[in-house]
Each structure stands twice: as C-alpha cells, then as structure tokens.
Amino acid sequence: MTEYPWEPPLAGTEVEQLTGSLDRLRTTFRWKADDLTATGLQARIGASSLTLGGLLKHLAWAEDYMFTVKLRGEPIGAPWDAMDSDGDDWEFTSAAKDSPEQLYAFWDGAVERSRARLGAALADGGLDQLVHVSWPDGRHASLRRLVCDLIEEYGRHTGHADLLREAVDGLTGEDPPAGWRAKSGQYHVGS
C-alpha cells in the first residue's frame with residue numbers, strides 16, 4: 001500500500017474514511033495540476049474561464065476559509081488577508097497574475113495548515129462537535145459537515161482539472177501512478 005499512500009483504508013473508522021477520502025481527492029487534484037508552466041496553468045478550454053492555476057488558488061482559499069472562518073470564526077489570515085479579494089471569483093481571475101511557484105505555494109501551504117487545523121479539531125471534539133458557521137435560524141454545522149463540504153468541493157473541481165490537464169498535455173487517469181510525488185512545490189502526500 002505504500003506505493004499508493006493516498007488511498008483511504010479499506011475498512012477504517014469514520015474519521016479515517018473521511019480524511020482519507022479528502023486526502024485522496026487532494027492528491028489526485030494536485031497530480032492533475034502538478035509540474036506545469038504558467039502557460040499550462042493558464043490554459044482554458046472552450047468558453048470556460050477556468051484554469052488549473054485558478055483552481056489551485058481557489059481550492060487553497062477554500063481550504064483556509066473552511067478551517068479558519070467556518071470552523072472557529074477566526075479571520076482567514078495570511079496570505080489571503082494581504083490580497084485584494086474584491087468581487088466574486090477573485091481567486092480564479094487573479095491567479096493569472098501569480099507565478100506557478102506562488103500558486104503551488106498557496107495550495108501546498110493551505111493543505112498543510114488545513115491538515116493541522118482539522119487534526120486539532122478532531123482531537124478536541126471529533127466530527128460531531130458544532131463549529132462556528134451557522135444558518136440564519138441559529139443552527140450550527142458540525143465538523144463532519146465541513147469535511148463533507150470540502151470533499152464535495154474537491155470532487156467538483158478535480159473533475160474540472162481532469163479536463164483541463166488533458167487539454168494541456170494529454171495527461172489522463174483517475175489516480176496518480178504508483179509512487180507519485182509532486183515535482184513542483186512542497187506537497188506531501190497523506191496527513
């Protein structure tokens with residue numbers, strides 16, 4: 001199994017299954033976005049304005065937002081607080097101005113922070129604990145809901161990444177090959 005460290009356990013606990021599924025999606029997404037130049041990260045297909053660079057920045061922001069603002073009600077913090085984030089979809093559009101190194105660093109750093117924050121929250125109260133984010137009627141979401149929401153976010157955007165990467169250089173596949181490691185940035189497989 002060490003050739004595929006991103007695979008969730010075949011029969012694990014709920015926490016192991018959910019965090020394992022999230023890490024598998026993270027790794028598959030990162031594989032699809034790995035080792036590209038600015039041209040590859042800015043490539044678009046059809047009428048869509050989505051790019052792999054935009055997805056890297058958006059998912060980096062989503063990771064940090066999920067496990068700061070929604071989890072604890074804390075400000076999102078660096079590097080996002082120093083950016084001009086006015087308007088919808090700013091992370092998608094502003095990514096064109098970022099270098100590949102910056103985009104990989106945004107995402108890799110956000111995943112590392114999220115793993116630490118999620119691990120601390122799980123140790124502090126498990127999946128059933130209520131988090132900061134609430135609905136207008138005052139009901140709060142559980143940590144389980146946040147993890148499932150992030151899995152859903154990655155599922156959606158990993159599908160986009162499949163199409164974009166195939167258009168860039170023909171790379172296809174459902175999962176990274178055995179023993180895959182990121183060539184760009186600092187991403188480490190697993191938690």
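All values reported here derive from a predicted model rather than from experimental measurement.

### Overview of the packing of helix α1 (residues 14-33) against helix α6 (residues 143-169)
Now for step 1: Two numbers describe how α1 lies on α6: the axes approach to 9 Å, and their chain directions differ by 25 degrees. For the element pair α1 / α6, the angle class is roughly parallel. In this structure, α1 meets α6 at a crossing whose hand is left-handed. Counting all contacts with α1, which are made through Glu14, Leu18, Ser21, Leu22, Leu25, Arg26, Thr28, Phe29, Trp31, Lys32 and Ala33, the residues of α6 involved are Arg144, Val147, Cys148, Leu150, Ile151, Tyr154, Gly155, His157, Thr158, Ala161, Asp162 and Arg165.
Now for step 2: For the contact of α1 with α6, the class distribution of residues is 12 nonpolar, 5 polar and 6 charged.

### Some thoughts on the environment of Trp80
Now for step 1: The topology assignment puts Trp80 in the loop between α3 (52-72) and α4 (90-94).
Now for step 2: Setting aside residues no more than four positions away along its own chain, Trp80 makes contact with Lys57, Ala60, Trp61, Asp64, Trp90, Phe106 and Arg113.

### As for the environment of Leu143
Now for step 1: The topology assignment puts Leu143 in helix α6.
Now for step 2: Residue classification places Leu143 among the buried positions, given a relative accessible area of 0%.
Now for step 3: In the structure, Leu143 is positioned 25 residues away from Leu118 in sequence and 8.7 Å away in space, judged by C-alpha atoms.
Now for step 4: For Leu143, the residues in contact, after removing those within four places along its chain, are Phe67, Leu71, Leu118, Ala121, Leu122, Gly126, Leu127, Gln129 and Val131.

### Some details on the packing of helix α5 (residues 100-125) against α6
Now for step 1: Orientation of α5 relative to α6, taken along the N-to-C sense of each, is 155 degrees, at an axis distance of 12 Å. Judged on the interaxial angle alone, α6 and α5 are roughly antiparallel. At the point where α5 passes α6, the crossing takes the left-handed sense. On α6, the residues that touch Trp107, Val111, Leu118, Ala121 and Leu122 of α5 are Leu143, Val147 and Tyr154.
Now for step 2: Per-class residue counts for the contact of α5 with α6 are 8 nonpolar, no polar and no charged.

### Structural notes on the nonpolar core
Now for step 1: Ranked by internal contacts, the top residues of the largest apolar core, which has 45 residues, are Phe29, Phe67, Trp107 and Leu143.
Now for step 2: Among the elements of the structure, α1, α3, α4, α5 and α6 are those that each provide at least two residues to this core.
Now for step 3: With 9 residues, α5 is the largest single contributor of residues to this core.

### A word on α3
Now for step 1: The end-to-end C-alpha separation of α3 is 29 Å, in line with the 30 Å expected for 21 residues at 1.5 Å each.
Now for step 2: Residue Tyr65 marks the point of greatest curvature in α3, where the axis turns by about 35 degrees.

### Quick word on the confidence of the model for the protein chain
Now for step 1: Here the protein chain averages 94 in pLDDT, while 97% of its residues score no lower than 70.
Now for step 2: Per-residue pLDDT, averaged within each element of the protein chain, yields its smallest value for α4 (90) and its largest for strand β2 (residues 140-142) (98).

### A short note on the side chain of His58
Now for step 1: Residue placement: His58 occurs in helix α3.
Now for step 2: Relative accessible area serves as the criterion here: at 9%, His58 is assigned to the buried category.
Now for step 3: Engagement of the side chain of His58 in a polar contact is seen with the side chain of Glu91, the distance being 2.6 Å.
Now for step 4: Those residues in contact with His58 that lie beyond four places of it in its chain are Glu91, Phe92, Glu153 and His157.

### A closer look at the pattern of salt bridges
Now for step 1: A full pass over the atoms with the stated rule returns 18 salt bridges.
Now for step 2: As a salt-bridge pair, Arg156 and Glu152 come within 3.1 Å of each other at their nearest N and O atoms. Note that Arg156 and Glu152 are positioned in helix α6 at a spacing of 4 residues, about one turn of the helix.
Now for step 3: Overall, Glu152 belongs to the partly exposed group, its relative accessible area being 46%.
Now for step 4: A salt bridge links Asp169 to Arg165; its shortest N-O distance comes to 3.0 Å. Remark: Arg165 and Asp169 occur in helix α6; sequence separation between them is 4 residues, near one turn of the helix.
Now for step 5: Take Arg165: its relative accessible area is 7%, and that puts it in the buried class.
Now for step 6: Put simply, Asp23, Arg26, Glu63 and Arg115 are held in one network by salt bridges that share partners.

What counts, and where the lines are drawn
Residues numbered from 1 in each chain as written. Predicted model: local features only at pLDDT ≥ 70, side-chain atom pairs only at ≥ 80, totals over all residues. Heavy atoms only, no water. Axes fitted to C-alpha atoms, helices over the stretch in contact; angles between N-to-C directions. Helix = DSSP H or I, 4+ residues; strand = E, 2+ residues; numbered from the N terminus. Parallel < 35°, antiparallel > 145°, perpendicular 65-115°, else oblique. Left-handed = near helix turned anticlockwise from the far one by under 90°. Contact = heavy atoms within 4.5 Å. Nonpolar A, V, L, I, M, F, W, Y, C, P; charged D, E, K, R; others polar. Buried < 20%, exposed > 50% of the residue type's maximum accessible area, 1.4 Å probe, protein only. Core = buried A, V, L, I, M, F, W, Y, C linked by side-chain atoms within 4.5 Å. Expected span 1.5 Å × (residues − 1). Bend = angle between axes of the 7 residues up to and from the residue. pLDDT = per-residue confidence, 0-100. Polar contact = N/O pair within 3.5 Å; in protein donor to acceptor, adjacent residues only side chain to side chain. Salt bridge = Lys/Arg side-chain N within 4 Å of Asp/Glu carboxyl O.

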